[in-house]
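# Results of the structural survey
The chain contents come next:
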Amino acid sequence: MLAELSVSLWRGGKDGRYETYSVPRRESQTVLDVVTFVQRHIDPTLSYRFACRVGVCGSCAMTVNGKPRWTCRTHVSKVAGRGQLEIGPLENMPVIKDLATDMEPFFEKWQKAQGVFAPTKTRHDEIEPIRPDSPARRLVDAAIECINCGVCYAACDTVRWNRDYFGPAALTRAWTLLNDERDAGGTARLQAVAAAGGCHSCHSHQSCQELCPQSLNPTAAIAGLKRRTTAAYLKGEIKA
Amino acid sequence: MTMRLYLWQRATAALMVPLVLIHIAVIFYATRNGMTAADILSRTRGSVVWASYYGLFVAAASIHAAIGVRNVLTEWSPLTDRRAGLFGVVFGMLLATLGARAVFAVVLS
């Protein structure tokens, strides 16, 4: 193992540049450890975002050697083959400063895809039993563990090319709600995801499922949305 | 891409799968048997079947390609969606015209 890592970090806003730092190499070191070392020991003005450090909160995603990754769970040994790291802000989102991006467009698209639960009951009703082995619940289980890190959104070619495209995370969220037996927003949600920028814009490149740190498969969820919206359209339940 | 364009593109693609396979089989058949242009034309002239088959093929290909070109332009060029759509329509009409001309040439000439 090398004693030092050569680390290039994006500094500044949209028109910034990479600056190189030397960081001591350590056992079981994560990419977030590297960024934190620079901020604490070399340049305290470095801006980046993290919270839990254990892969739960989804706030520390960055572009690491060209690919979006959750930095707290990405070991340096996995990505820095020659002792070199290039760490930048996530793609497809406006850069605020250094490694911090503005995730507002990402979450606005959740709203556009109707990613909000529409309850069918009040707090005074009985809790609806959901069988874990029901087909609908199995579909939800396969897609529910999204931590909103934005890795899929940053990895997506279609998002890069089509600024209206909702992106994998928002559509996966819509898919889980469509399969939620307690949700009442189905038809409106199908209408929303069938609109321009919705599921039919996906090219199935599958970068989202390749890089999702939670090993989810948004491409499969989007394919499900394509099938459901097509069936609903042919039945006249939604308009084109 | 909207729902309607998605459906048209997928439907025309599905339609073209057997049409392409038959088309390739016909090419192999014609070349392996050493057929001349005159041989081929003698079979296609006045044939409602060949006119329908290639007419359908041209229509499906024109619609499919027009939507595809529109999508490429909306994603990879600075054109607005409306202008990309217009370009797609013009491109599709060009393909349909060229295709129809070829069909007429082998069926009616």
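Residues numbered from 1 in each chain as written. Chains lettered and ligands numbered in written order. Predicted model: local features only at pLDDT ≥ 70, side-chain atom pairs only at ≥ 80, totals over all residues.

## Considering the overall build of chain B
When helices and strands are counted, chain B shows four helices and zero strands. Mapped from its N terminus to its C terminus, chain B presents α and β elements in the order α-α-α-α. Against the globule reference of 13 Å for 109 residues, chain B gives a C-alpha radius of gyration of 17 Å, more extended than a compact globule. Along the longest, intermediate and shortest principal axes, the C-alpha atoms of chain B span 50 × 25 × 20 Å. Within chain B, the fraction of its 109 residues that count as buried is 20%. (Helix = DSSP H or I, 4+ residues; strand = E, 2+ residues; numbered from the N terminus. Rg over C-alpha atoms; globule rule 2.2 N^0.38 Å. Buried ≥ 20, exposed ≤ 12 C-beta atoms within 10 Å, placed from the backbone.)

## Here's the deal with the interface of chain A and chain B
Taken together, the contact between chain A and chain B spans ten residues of the former and nine residues of the latter. The leading source of residues in the side of chain A that touches chain B is helix α10 (residues 218–234) of chain A, at three residues. Of the residues belonging to the side of chain A that touches chain B, the class tally is five nonpolar, five polar and no charged. (Contact = placed C-beta atoms within 7 Å. Nonpolar A, V, L, I, M, F, W, Y, C, P; charged D, E, K, R; others polar.)

## Structural notes on the pairing of strand β5 (residues 84–88) of chain A
Residues and elements named next belong to chain A. Relative to β5, strand β1 (residues 4–11) runs parallel, the two being bridged by four bridges. Bridge pairing in β5 links L9 to I87. Examined bridge by bridge, strand β3 (residues 61–64) and β5 share two bridges and lie antiparallel to one another. Paired with T63 across the bridge in β5 is G88. (Pairing = 2+ DSSP bridges.)

## Topic: the packing of helix α3 (residues 48–76) of chain B against helix α4 (residues 81–107) of chain B
All names here are of chain B. Contact geometry of α3 with α4 gives a least axis separation of 8 Å together with a crossing angle of 160 degrees. Considering the angle they form, α3 stands roughly antiparallel to α4. For the pair α3 and α4, the crossing hand works out as right-handed. Across the contact of α3 with α4, the residue classes tally to 21 nonpolar, seven polar and two charged. (Axes fitted to C-alpha atoms, helices over the stretch in contact; angles between N-to-C directions. Parallel < 35°, antiparallel > 145°, perpendicular 65-115°, else oblique. Left-handed = near helix turned anticlockwise from the far one by under 90°.)

## Regarding the sheet that holds β1 of chain A
Residue and element names in this part refer to chain A. Reading across the sheet, the five strands line up as β2-β1-β5-β3-β4 and stay open at both edges, with mixed pairing between neighbours. Since the sheet does not close on itself, it has two edges, and those belong to β2 (17–24) and β4 (67–70), each with one partner. Strand after strand, the sheet turns through a mean of 35 degrees between neighbouring axes, direction not considered. Both β3 and β4 contribute to a ladder of four bridges, which runs antiparallel. By the bridge assignment, A61 is partnered in β4 with W70. Contacts between helix α1 (residues 31–42) and the sheet are confined to β1, β2, β3, β4 and β5, with β2 contributing the most and set at about 95 degrees to the helix.

## Comments concerning the domain arrangement of chain A
Residues and elements named next belong to chain A. With domains assigned, chain A is organised as domain 1 (4–101) and domain 2 (104–234). Each of domain 1 and domain 2 has a C-alpha centre, and the two are 29 Å apart. Each partner contributes residues to the interface: domain 1 has 15 residues there, and domain 2 has 15 residues. Elements supplying a minimum of two residues to the side of domain 1 that touches domain 2: β3 and β4. When grouped by side-chain class, the residues that make up the side of domain 1 that touches domain 2 number seven nonpolar, four polar and four charged. (Domains from an automatic or database assignment.)

## Some points on α4 of chain B
All names here are of chain B. Given a rise of 1.5 Å per residue, 27 residues ought to cover 39 Å, and the 38 Å separating the end C-alpha atoms of α4 matches this to within 8%. Burial in α4 covers these residues: A84, G88, G92 and V103. Next to the buried residues of α4 lie α3. (Expected span 1.5 Å × (residues − 1).)

## Structural notes on helix α8 (residues 186–194) of chain A
Taken as a whole, α8 of chain A has its buried residues at R189, L190, A192, V193 and A194 of chain A. Buried residues belonging to α8 of chain A abut α3 (104–112), α7 (168–178) and α10 of chain A together with α1 (3–32) of chain B.

## Let's talk about the nonpolar core
Residue and element names in this part refer to chain A. One finds V34, L85, I87, L171, A174 and V193 to be the most contacted residues of the largest nonpolar core, which totals 68 residues. Per-element tally for this core: the top contributor is α7, with seven residues. No fewer than three residues from each of domain 1 (4–101) and domain 2 (104–234) sit in this core. Aside from chain neighbours lying at most four places away, what touches I87 is V7, S8, L9, W10, V31, V35, M62, T63, V64 and L99. (Core = buried A, V, L, I, M, F, W, Y, C linked by C-beta atoms within 7 Å.)

## A few points about unusual backbone geometry
Residue and element names in this part refer to chain A. Unlike most non-glycine residues, S28 shows phi in positive territory, near 55 degrees. Within the secondary structure, S28 sits in the loop between β2 and α1. Since 8 C-beta atoms lie within 10 Å of it, S28 is described here as exposed. A positive phi angle, close to 60 degrees, is found at S204, a residue other than glycine. Position of S204 relative to the elements: it lies in the loop between α8 and α9 (207–211). Overall, the presence of 12 C-beta atoms within 10 Å leaves S204 in the exposed class.

## Here we look at the environment of S47 of chain B
Residues and elements named next belong to chain B. By the secondary structure assignment, S47 is in the loop between α2 (37–44) and α3. Here S47 falls in the partly exposed class, since 13 other C-beta atoms lie within 10 Å of it. Distance from S47 to V106, taken between C-alpha atoms, is 9.3 Å for residues 59 residues apart in sequence.

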